[in-house]
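Chains, contacts and geometry: an overview
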Amino acid sequence: MRYIADLHVHSNYARATSRDLDLASLHQWARIKGIDIVGTGDFTHPLWFQELASQLMPAGNGFFQLKHPPSDPPGFQTQVRDVHFCLSTEICTIYKYRGKVRKNHVLLYAPDLATVAKLNKRLATIGNLQADGRPILGLPTRDLLEIALTTSDRIHLIPAHIWTPWFSTLGSKAGYDSIEDCFRDLAPHIFALETGLSSDPAMNRLLSALDRYTLVSNSDAHSPRKLGREANLFDSALTYDAMFEAIRTRKGFVGTIEFFPEEGKYYLDGHRQCAICLDPTATQRCQGKCPSCGASITIGVLHRVTALADRQTPLPHIDPRSEYIIPLPEILSEIQGIGPNSKGVQQHYQRAIALFGSEFTLLREVPLEDIQQQLGPVHAEAVRRLRAQCVTPTPGYDGLYGSVHIFRPGELVRGRRGEVALRVA
């Protein structure tokens, strides 16, 4: 069967996350977005683990469902959708190896609570699991993988957002130059990599060393509304083992839903404090120093990929399809000329969900003529351009998100009563 999975999220026990990140909200927003499987995140945290154990029940397929699923949030009306949870967590390892401090983030997945409890017991001897939903452990990532493998052969480890400068396997600040350097003798057990918001599959395929890995995409949501910024498409049996076998073999792994990488907050190089954004060539001319203040430039994902690449263009047909999206509230915000969190945008968002059942259904599947009939020609044109990737990005850098626009300046005409039309050339 076909389904959509977002396998990297957090709970409200992780730092810098929304207080609303509980299981009920994740369930509600999975339905609003159109997601079938959601990672639980943070299963290493003792209190969150208690909530998982008390609120979830096995679905009989290696996934879980809420014992008491909530109704839609006020103002929303979604399609009926069974939301499954996959036990997951993200772990930060910080350690010194070959004279350099390494800071790697990885994702772990488990099929049942007993396996999680066994793993947590072992990890609690290494670091403080109560300090953060994404705990920091002082051991090499390779050793964490060994602990996972010896706990259960059904635990899977996927390196997270592999290009992020500060905390990733291949990042410019504290990573490695290859997956093999990080995981050494256990590297054959790594079968998938998470691309992160600032890269897409095409960028990753400039490195032949990554050809053997399946590239997955997830939201890394720190609030429920950020679910589905990126996600994975499957056509396989709806079970834990079948899903990871699909990722491992690419049989049943249909593709990914992608953030435009330019919108990611580490796409280009730069120094946010001085509002300096540079492409890799400009950074080299500046010898890696901010031209304004002389501080070190944060090397972004594009620069790092380019530095390690051994191809000019990616090989075709390695990956399934990649679909690019802009979150629907951002599209409505651009059309209406007001903020995405404004009351007006949220009212239009709720109406669109009620009409089409979910955000992904509207953005990916609904015929344009139906969108035009229900929402109007400007909305239909916005979705047409999105599907054709006819957008204008402003790149992000040094922790600052970029932006993506569908319409050109002055192209939209807004009337006094809020109506919007395309300017006739």
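You'll find the structure just up there.
Let me begin by describing the structure that accompanies this report. (Residues numbered from 1 in each chain as written. Predicted model: local features only at pLDDT ≥ 70, side-chain atom pairs only at ≥ 80, totals over all residues. Heavy atoms only, no water.)

1. Focus: the nonpolar core
Nonpolar side chains in soluble globular proteins tend to end up buried together. In terms of nonpolar packing, the biggest core is built from 98 residues, with Phe85, Leu108, Phe183, Leu227 and Ile331 touching the most fellow members. Setting aside residues no more than four positions away along its own chain, Leu227 makes contact with Asp6, Val9, Leu26, Trp29, Ala30, Lys33, Ile35, Val38, Ser219 and Ala221. Counting residues in hydrophobic clusters, the runner-up holds 21 residues, among them Ala5, Ile37, Ala192 and Val216. (Core = buried A, V, L, I, M, F, W, Y, C linked by side-chain atoms within 4.5 Å. Buried < 20%, exposed > 50% of the residue type's maximum accessible area, 1.4 Å probe, protein only. Contact = heavy atoms within 4.5 Å.)

2. Overview of the pattern of salt bridges
Within this structure, the stated rule accounts for 21 salt bridges. A salt bridge links Glu146 to Arg142, with the nearest nitrogen and oxygen atoms 2.9 Å apart. With a gap of four residues between them, Glu146 and Arg142 both fall in helix H4 (residues 141-151), about one helical turn apart. The class of Glu146 is partly exposed, set by a relative accessible area of 35%. The class of Arg142 is buried, set by a relative accessible area of 12%. As a salt-bridge pair, Arg364 and Glu365 come within 3.6 Å of each other at their nearest N and O atoms. Beyond isolated ion pairs, a larger network of salt bridges with shared partners links Glu381, Arg384, Arg385, Arg408 and Glu411. (Salt bridge = Lys/Arg side-chain N within 4 Å of Asp/Glu carboxyl O. Helix = DSSP H or I, 4+ residues; strand = E, 2+ residues; numbered from the N terminus.)

3. Concerning the pairing of strand E8 (residues 156-159)
Every regular strand shows the same layout, with side chains that alternate between the two sheet faces. Where burial is concerned, the two faces of E8 agree: the one with His156 and Ile158 and the one with Leu157 and Pro159 are both buried. Strand direction decides the pairing type here: strand E6 (residues 100-110) and E8, joined by four bridges, are antiparallel. Bridge pairing links Leu108 to Leu157 in E8. (Pairing = 2+ DSSP bridges.)

4. Points about unusual backbone geometry
If a residue is not glycine, its phi is most likely negative; likewise, a peptide bond is most likely trans. Unlike most non-glycine residues, Asp220 shows phi in positive territory, near 50 degrees. In this structure, Asp398 is a non-glycine residue whose phi angle is positive, near 45 degrees. As for its position among the elements, Asp398 is in the loop between strand E16 (392-394) and strand E17 (403-405).

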